[in-house]
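Below are the chains, spelled out letter by letter.
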Amino acid sequence: MTTHLMNTYNRQPVTFVKGEGVWLWDDKGEKYLDALAGVAVNGLGHGHPSLVKAISDQAARLIHVSNYYHIAEQEALADKLCEVSGMDKVFFCNSGCEANEASIKLARLYGHNKGIEIPQIIVMEQSFHGRTLATLSATGNSKVQIGFEPLVTGFIRVPYDDIAAVRAVANSNPNVVAILVEPVQGEGGINIPKDSSAYLETLRGICDDHDWLLMVDEVQTGIGRTGTWFAFQHTAIQPDVMSLAKGLASGVPIGACVAQGKAASVFTYGKHGSTFGGNPLACAAGLATLNAIESDGLRENAEKIGNLIRDGFISEFNGIGAVVQVRNAGLMIGIELDRPCADLVQLALEAKLLINVTAERVVRLLPPLVMNEAEAHELVQRLSALIKVFLSSN
Ligand SMILES: *Cc1c(COP(=O)(O)O)cnc(C)c1O
C-alpha cells in the first residue's frame, strides 16, 4: 500500500476518509471514537463549522504571501496569542520542532549577547522536543538519537522534576543560558511533576537568580489541553519563552515561538526566518481555533471532561494491581500499566477506538477538547474493558 512512502511510521491498517466531532470514519464506512485527536492537534474535533468556514474563506481570498510583506492574519493571531498568554512577541514557523529550534537559537543568541561563547541549555530526561538535529539532541530519549550522531552540543541533561539537579548545574556551570522544560511531559509518558506549580515556580526563581531564560515547551500542553490556555497558567509564573504547535491551528501546519520581556527583543532583523511561517491560511486557522476555544468554553470542558475520564478509569481499575496509576492534566490522560502494552493500540483499533501508547507502558489519551460527557463515558467503558482483557491475557 505504501510502496513509495519512506518507512518512518509503523502504520495501523486503516485509512480515514471523514470526521465529525470526536468521530472518524474509514474507507469502509466503519465509525471510530477518536481519543488521540491527531496527537493533540484536532482540539476542535473534526469538521468544526467555524474552523472549516475560516479556512475555506481564507483559501478563497489568499493562501500565502511572503514574510517580505505585512500579513494581517499573522498580526491578528500574534495579538490574540499575546493577549491570552501575557507574552509580548511571536515568531511563526510550521511545527513543534521548528518552534523549539527558534527557542534554542534565541537562547544561544541571548547568551552570545551576554558574552557567553559556548552557551548551554538545561534539558530534562524523558523529554521530547522534536526530530530535527538540535531538537533530537535536546530530547531525553536515546531511541530518537541513535544513528544520528554526532549530536548537537550545548545541552546539559538533568532528571525531570529534580530541583536539586538543576541547582547543582547552576553552581558548577557558568555557561548556562536557559532551561527548556515541558510543564507536563507528553511523549515521555504523561509525567506530571509531584507539585507541578512549585516545580515551575522554583525553576523560575533559579532562572531569575542566574539571569537564565525559562523556556517552556507547550507544543503538546498548550492551547487549552490542560484546562487553561497554557499549562504554565496553572502556576504563578510567566516564562520568558514558550513554544507552541500541535493544537494551535487544528491541523493546518503551524508553530510559534512566543517570548516576553528581555527575550522578546533577542531576535533582530535577519536572525531567523521561515518561508511558510505564519502564512495567511495557517494564521486564519489559528485565529478560528483560539476563538472557538473561547466561545465554546473548551478550556473549562477540557478540565471537566479530563477529570471525569480520570475518575472513571480510577473506579474501573479499582483493585487491579497491574494498573500502576491513572493521571491527567485536563485532557492529557495517562494510564500507566506494570507491563509493556504497545499491542493495545491495534486491539483498540479493532474495537474502533483510537488511542496511543507511549513510554512502552503508558496508554496515552489526548481526546478532542470538544468531547462531551456521554462520549467520555463511552471511552471509559470501552477502553477499560479492553485493558482488563489485555491484562488478563498478557
Ligand atoms: C510533538 C511535540 C514536539 C514536536 O512537534 P513536531 O510538530 O512533530 O515537530 C515538540 N515538543 C513536544 C512537547 C511535543 O509534544
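Residues numbered from 1 in each chain as written. Predicted model: local features only at pLDDT ≥ 70, side-chain atom pairs only at ≥ 80, totals over all residues. Heavy atoms only, no water.

K.L.:
I tried to follow the overall build of the protein on my own but got confused; where do I start?
P.N.:
The number of helices and strands found in the protein is 12 helices and 15 strands. On C-alpha atoms alone, the protein measures out to a radius of gyration of 21 Å, which is about the 21 Å that the 2.2 N^0.38 rule sets for 394 residues. Principal-axis analysis of the C-alpha atoms gives the protein an extent of 60 × 55 × 45 Å. Residue burial in the protein is summarised as follows: out of 394 residues, 55% are buried. Of the contacts made within the protein by residues no fewer than 6 positions apart, 72% connect residues no fewer than 24 positions apart. Carbon and sulfur atoms make up 52% of the accessible area of the protein, which amounts to about 17,200 Å² in all. In the protein, the 31 positive side-chain charges and the 42 negative ones have mean positions that sit 3 Å from each other. (Helix = DSSP H or I, 4+ residues; strand = E, 2+ residues; numbered from the N terminus. Rg over C-alpha atoms; globule rule 2.2 N^0.38 Å. Buried < 20%, exposed > 50% of the residue type's maximum accessible area, 1.4 Å probe, protein only. Contact = heavy atoms within 4.5 Å. Areas by Shrake-Rupley, 256 points an atom, 1.4 Å probe, with all protein chains shown as cover. Lys, Arg positive; Asp, Glu negative; His and termini not counted. Charge placed at Lys NZ, Arg CZ, Asp CG, Glu CD.)

K.L.:
Please explain the site of the ligand as it appears in this structure.
P.N.:
The ligand sits among Ser-95, Gly-96, Cys-97, Asn-100, Phe-128, His-129, Gly-130, Glu-182, Asp-217, Val-219, Gln-220 and Lys-246. With respect to the ligand, the side chain of Lys-246 contributes an N or O atom lying 2.6 Å from an oxygen atom. Counting residues per element, the shell around the ligand draws most heavily on helix 4 (residues 96–113), which supplies three residues. (Near = heavy atom within 4 Å. Polar contact = N/O pair within 3.5 Å; in protein donor to acceptor, adjacent residues only side chain to side chain.)

K.L.:
Is there a simple way to think about the nonpolar core in this case?
P.N.:
For soluble globular proteins, the rule of thumb is that nonpolar side chains tend to be buried together. Core analysis: the largest hydrophobic core is formed by 87 residues, its most contacted members being Ile-335 and Leu-383. Not counting residues up to four positions away in its chain, the partners in contact with Ile-335 are Phe-313, Phe-317, Val-323, Gln-325, Val-326, Arg-361, Val-362, Val-363, Leu-365, Leu-383 and Ile-387. Of all hydrophobic cores here, the second largest spans 26 residues; its members include Ala-99, Ile-104, Ile-121 and Ala-263. (Core = buried A, V, L, I, M, F, W, Y, C linked by side-chain atoms within 4.5 Å.)

K.L.:
Explain the packing of helix 3 (residues 72–85) against helix 9 (residues 280–295) to me, please; I cannot follow it from the model alone.
P.N.:
Where helix 3 meets helix 9, the axes come as close as 8 Å, and the angle between the chain directions of the two elements is 35°. When you trace helix 3 past helix 9, the crossing you get is left-handed. Contacts from Glu-73, Gln-74, Ala-76, Leu-77, Lys-80, Leu-81 and Val-84 of helix 3 reach helix 9 at Pro-280, Cys-283, Ala-284, Gly-286, Leu-287, Leu-290, Asn-291 and Glu-294. Classifying every residue of the contact of helix 3 with helix 9 by side-chain character gives nine nonpolar, three polar and three charged. (Axes fitted to C-alpha atoms, helices over the stretch in contact; angles between N-to-C directions. Left-handed = near helix turned anticlockwise from the far one by under 90°. Nonpolar A, V, L, I, M, F, W, Y, C, P; charged D, E, K, R; others polar.)

K.L.:
Please explain the pairing of strand 10 (residues 255–259) as it appears in this structure.
P.N.:
Residues in a regular strand project their side chains so that they alternate between the two faces of the sheet. A large share of strand 10 lies buried, amounting to five of its five residues. A two-sided burial pattern is seen for strand 10, the buried positions comprising Gly-255, Cys-257 and Ala-259 on one face and Ala-256 and Val-258 on the other. Sheet topology places strand 4 (residues 89–93) next to strand 10; five bridges connect them, and they run antiparallel. Residue pairing across strands places Phe-92 opposite Ala-256, the latter belonging to strand 10. Taken together, the four bridges between strand 9 (residues 241–244) and strand 10 define a ladder with antiparallel strand orientation. Of the residues in strand 10, the one forming a bridge with Leu-244 is Ala-256. (Pairing = 2+ DSSP bridges.)

K.L.:
Explanation requested: the pattern of salt bridges in the structure shown.
P.N.:
Where side chains of opposite charge bring their charged atoms close, a pairing between them can arise. The full count for this structure, using the stated rule, is 18 salt bridges. Between Lys-388 and Glu-316 there is a salt bridge, with its nearest N and O atoms 2.7 Å apart. Taken as a pair, Lys-388 in helix 12 (residues 373–393) and Glu-316 in helix 10 (residues 298–316) lie far apart in primary sequence, 72 residues in all. Relative accessible area serves as the criterion here: at 30%, Lys-388 is assigned to the partly exposed category. Its relative accessible area of 23% is what places Glu-316 among the partly exposed residues. One continuous salt-bridge network, built from bridges that share partners, spans Lys-80, Glu-83 and Glu-294. (Salt bridge = Lys/Arg side-chain N within 4 Å of Asp/Glu carboxyl O.)

K.L.:
Whenever I open this one, the packing of aromatic side chains confuses me. Can you help?
P.N.:
Each aromatic ring pair is characterised by the separation of its centres together with the angle its planes make. For the structure shown, the criterion picks out five aromatic pairs. Taking 5.5 Å as the distance between ring centres and 80° as the angle between the ring planes, the aromatic pair formed by Tyr-160 and Tyr-199 counts as edge-to-face. Of this pair, Tyr-160 sits in the loop between strand 6 (155–158) and helix 7 (163–172) while Tyr-199 sits in helix 8 (residues 196–210), and the two are 39 residues apart along the sequence. Per residue, the accessibility class of Tyr-160 equals that of Tyr-199, and both read buried. Sitting over the ring of Trp-25, Lys-18 keeps its end group 4.8 Å from the ring centre. The side chain of Lys-31 reaches across the aromatic face of Trp-23, ending 4.4 Å from its centre. (Phe/Tyr/Trp six-rings, centres within 6.5 Å; stacked < 30°, edge-to-face > 60°. Lys NZ or Arg CZ within 6 Å of the ring centre and 35° of its normal.)

K.L.:
Would you take a moment to explain unusual backbone geometry for this structure?
P.N.:
Leaving glycine out, the prevailing phi sign among residues is negative, and the prevailing peptide bond configuration is trans. Note that the residue after Glu-149, namely Pro-150, is joined by a cis bond; omega there is 0°. When you line up the elements, Pro-150 lands in the loop between helix 6 (142–145) and strand 6. The phi angle at Ser-250 is positive, at roughly 60°, despite the residue not being glycine. Tracing the backbone through its elements, the reader meets Ser-250 in the loop between strand 9 and strand 10. Judged by relative accessible area, which is 10%, Ser-250 ranks as buried.

K.L.:
Where do I start with the sheet that holds strand 10 in this structure?
P.N.:
Across a sheet, paired strands are connected by hydrogen bonds in the backbone, their directions being either parallel or antiparallel. In space, the seven strands of this open sheet follow the order 4-10-9-8-7-5-6, with mixed pairing throughout. The sheet terminates laterally at strand 4 and strand 6, the two strands that pair on one side only. Adjacent strand axes in the sheet meet at a mean angle of 20° when their direction is disregarded. Strand contacts of helix 3: strand 4, strand 9 and strand 10, with the helix running at about 125° to strand 4, the strand carrying the most contacts. Sitting on the sheet, helix 4 touches strand 4, strand 5 (120–124), strand 6, strand 7 (176–181), strand 8 (213–217), strand 9 and strand 10, and the angle it makes with strand 8 is about 175°.

Function-wise, these values are silent; they only describe arrangement.
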